[in-house]
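Understanding the architecture of this molecule
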Amino acid sequence: MDALIKPEFTRQYWSETWQDCAWTPGASWKLMTPDGRVGDSGEVLEIDPPRRLVVSWKNHLFPEMEAEGHSRAAFDLEPAGDAVKLILTHEFETADSGLFKGVSGGWPAILASLKSLLETGESLEATRKWPEGV
């Protein structure tokens, strides 16, 4: 779970972002951009290290996505032989959600980069830097 929540990991594979959070149920959660803005925020709904983390999720970078309100992201970790299986479930109440469209392209790259970092010590080049203009 450390790779999902600790800045020394997230900055390497998640576009230089880090999370500001006490990591207790009910705690405020913020995904911070490299320039110090709050990109996304919410609340820790569940945390059971090292098995489960669930947060409410609201985007603040794009007004149309911010207007959608909160979604829910659950990260479940399960043993899989000598490996760990990560299951991400990001749920949306808003039909035709712009955030859903955005994370549908973003999550695969971020998770692939996390996997690469944990297996090889190197994240994927494409996820190391914050995108220009965002």
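Residues numbered from 1 in each chain as written. Predicted model: local features only at pLDDT ≥ 70, side-chain atom pairs only at ≥ 80, totals over all residues. Heavy atoms only, no water.

**Some details on unusual backbone geometry**
The condition is simple: In this text, helices come from DSSP runs of H or I with a minimum length of four residues, and strands from runs of E with a minimum of two, each type numbered from the N-terminal end. For each residue, the accessible area found with a 1.4 Å probe, counting protein chains only, is set against the maximum for its type, and the residue is called buried under 20%, exposed over 50%, and partly exposed in between.
Omega for the peptide link from Pro49 to Pro50 comes to 0°, which places this bond in the cis form. Residue placement: Pro50 occurs in the loop between strand E3 (38–48) and strand E4 (52–59). Of note, the phi angle at Glu16 is positive, near 70°, even though the residue is not glycine. Secondary-structure assignment places Glu16 in the loop between helix H2 (7–13) and strand E1 (18–21). With relative accessibility at 25%, the residue Glu16 sits in the partly exposed group. Positive phi, close to 55°, is recorded for Asp96, a residue that is not glycine.

**Considering the pairing of E1**
The condition is simple: Strands were regarded as paired on the criterion that DSSP finds at least two bridges between them.
Alternating positions in E1 separate cleanly, Gln19 and Cys21 being buried on one face and Trp18 and Asp20 remaining unburied on the opposite face. Hairpin remark: E1 followed by strand E2 (residues 28–32), antiparallel, with six residues in the connecting loop; positive phi at Trp23, about 55°.

**Concerning the environment of Pro131**
With respect to the element layout, Pro131 can be found in the segment after helix H4 (98–120). On the basis of relative accessible area, Pro131 is assigned to the partly exposed category, the value being 40%. Along the chain, Pro131 and Val44 lie 87 residues apart, while their C-alpha atoms are 26 Å from each other.

**Concerning the sheet that holds strand E6 (residues 83–91)**
Test applied: Angles run from 0 to 180 degrees between N-to-C directions of axes, and those axes are lines fitted to C-alpha atoms, restricted for helices to the stretch in contact.
If you trace the six strands from one edge of the open sheet to the other, you get E1-E2-E3-E4-E5-E6, paired in antiparallel fashion. For this open sheet the edge positions go to E1 and E6, each flanked by a neighbour on one side alone. The average angle at which neighbouring strand axes cross in this sheet is 25°, direction not considered. In this structure, E1 lies alongside E2, joined through four bridges in antiparallel fashion.

Read these as spatial facts, not as claims about activity.
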